[in-house]
Amino acid sequence: MARHQTGSAKGIFHEHYTQLSKRLKDPYAEYQGGVEPAVCPTCKLIYQKKRWHRDDPQAKLLLKDKGAKRHLCPACHKIKDNYPLGIVNIRGDFLAEHFEDVVHLIKSEERRAEQKNPLERLMKIDKVNGGLHVETTSETLAMRLGHVLQRAFKGDTDFKFKSGNKYVEVDWSRGS
Ligand SMILES: [Zn+2]
């Protein structure tokens, strides 16, 4: 009876997935470098005390220091490998009529997520067949985008989880 692990699910299974996802592995989360502090050469996050965080003055110093350890953070690594953990597909006439509002909402939610966890980011926002295709570095950000779209604009949200994987696909749609 693991119905929340597979197939399509409405928001009711969101809590189940949140519990489940804690046990699932993000293959990019482990830092293999071993040396602290390390700095991500792409986004300038710092790895220290076993976590990635933003500290721009220290990043500046580390980037000047040729001996300092450089290591891609998990978010930049996923972006480089094109390995999203979350997808959000946005469709429907509402999008064409409120395009700017929808994009604004997505970007402001990313900023909010990034303040809590700098590894949660948007990877892509592409226009595809009159819709929007969004990719995220974390499955939780994709789920949150589904929830904020629903809260702000109503419409229909559908969450699809993949069995045994840290991965979520969210479909949101609304007619005009
Ligand atoms: Zn980075």
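Preceding block: the structure.
K.L.:
So what exactly am I meant to see when it comes to the overall build of the chain here?
P.N.:
Looking only at helices and strands, the chain features six helices and ten strands. Looking at the chain as a whole, 32% of its 176 residues qualify as buried. Taking as baseline every contact in the chain between residues at least 6 positions apart, the subset at least 24 positions apart corresponds to 63%.

K.L.:
Quick question: what am I supposed to make of the nonpolar core here?
P.N.:
One recurring pattern in soluble globular proteins: nonpolar side chains tend to sit buried together. Val-88, Ile-90, Val-134, Ala-142, Leu-145, Val-168 and Val-170 are the most contacted members of the largest nonpolar core, which has 20 residues in total. When residues of this core are traced back to their parent elements, those giving at least two are strand 6 (86–91), helix 4 (93–97), helix 5 (99–116), strand 8 (131–136), helix 6 (139–153), strand 9 (156–161) and strand 10 (168–173). In terms of residues, this core owes the most to one element, helix 6, which gives five residues. In this view, Leu-145 contacts Val-88, Ile-106, Glu-109, Val-134 and Val-170; residues no more than four positions away in its chain are not counted.

K.L.:
Is there a simple way to explain the sheet that holds strand 4 (residues 51–54) in this structure?
P.N.:
Paired through their backbone hydrogen bonds, the strands of a sheet run either parallel or antiparallel. Here we have four strands laid out as an open sheet, ordered 4-3-2-5, and mixed in their pairing. Each of the sheet's edge strands pairs with one partner strand only, and the pair in question is strand 4 and strand 5 (69–70).

Cut-off values and rules
Residues numbered from 1 in each chain as written. Predicted model: local features only at pLDDT ≥ 70, side-chain atom pairs only at ≥ 80, totals over all residues. Helix = DSSP H or I, 4+ residues; strand = E, 2+ residues; numbered from the N terminus. Buried ≥ 20, exposed ≤ 12 C-beta atoms within 10 Å, placed from the backbone. Contact = placed C-beta atoms within 7 Å. Core = buried A, V, L, I, M, F, W, Y, C linked by C-beta atoms within 7 Å. Pairing = 2+ DSSP bridges.

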